Amino acid sequence: MKTLAVRAERIRRGGTAVERLNCAFRTADGEEFRILITAPKPPPREGEEVLVVHEERKPSSAESVHHLASFGSRAGIVVQPTAG
């Protein structure tokens, strides 16, 4: 399911920005979730919205639409099954 999430903060380690964002969203039935997603480029500012996709049965598994549509994400999906 697609929904809009609001960026809460950017994750930093030792003063360096990491390409992950804390976001919050509500499911269709009103339950609120806080998630960690891969930052789209350019990343939204705090309080701005970002489009995410989540499984209806497991909303905590959300990821940004931008990341899922990226070449790197698709390449990982192709490589994983053949690596085993």
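Since this is a predicted model, take the numbers as computed values, not measurements.

1. With respect to the overall build of the protein
Within the protein, the secondary structure is distributed over 2 helices and 5 strands. Along the chain direction, N to C, the helices and strands of the protein fall in the order β-β-β-β-β-α-α. Across the 84 residues of the protein, 30% fall into the buried class. Contacts in the protein between residues at least 24 apart in sequence constitute 41% of all its contacts with a sequence separation of at least 6. Total accessible area computed for the protein in this model is approximately 5,800 Å², and 53% of it derives from carbon and sulfur atoms.

2. Quick word on the nonpolar core
Ala5, Leu21, Cys23, Phe25, Phe33, Ile35, Ile37, Ala39, Val50, Val52 and Ala62 form the largest nonpolar core, which has 11 residues in total. Elements with a minimum of two residues in this core: strand 2 (16–26), strand 3 (32–38) and strand 4 (49–53). Discounting residues that sit within four places of it in the chain, valine 52 has contacts with Met1, Lys2, Thr3, Ala5, Ile35, Ile37, Glu63, Ser64 and Val65.

3. Topic: the confidence of the model for the protein
Low pLDDT marks regions whose predicted coordinates should not be analysed in detail. Taken residue by residue, the protein gives an average pLDDT of 78. The fraction at 70 or more is 77%. At the low end of the mean pLDDT range in the protein sits helix 2 (residues 71–83), at 48; at the high end sits strand 4, at 90. Confidence over residues 75–84 falls short of pLDDT 50; this stretch has 0 contacts with residues more than four positions distant or in other chains.

What counts, and where the lines are drawn
- Residues numbered from 1 in each chain as written.
- Predicted model: local features only at pLDDT ≥ 70, side-chain atom pairs only at ≥ 80, totals over all residues.
- Heavy atoms only, no water.
- Helix = DSSP H or I, 4+ residues; strand = E, 2+ residues; numbered from the N terminus.
- Buried < 20%, exposed > 50% of the residue type's maximum accessible area, 1.4 Å probe, protein only.
- Contact = heavy atoms within 4.5 Å.
- Areas by Shrake-Rupley, 256 points an atom, 1.4 Å probe, with all protein chains shown as cover.
- Core = buried A, V, L, I, M, F, W, Y, C linked by side-chain atoms within 4.5 Å.
- pLDDT = per-residue confidence, 0-100.

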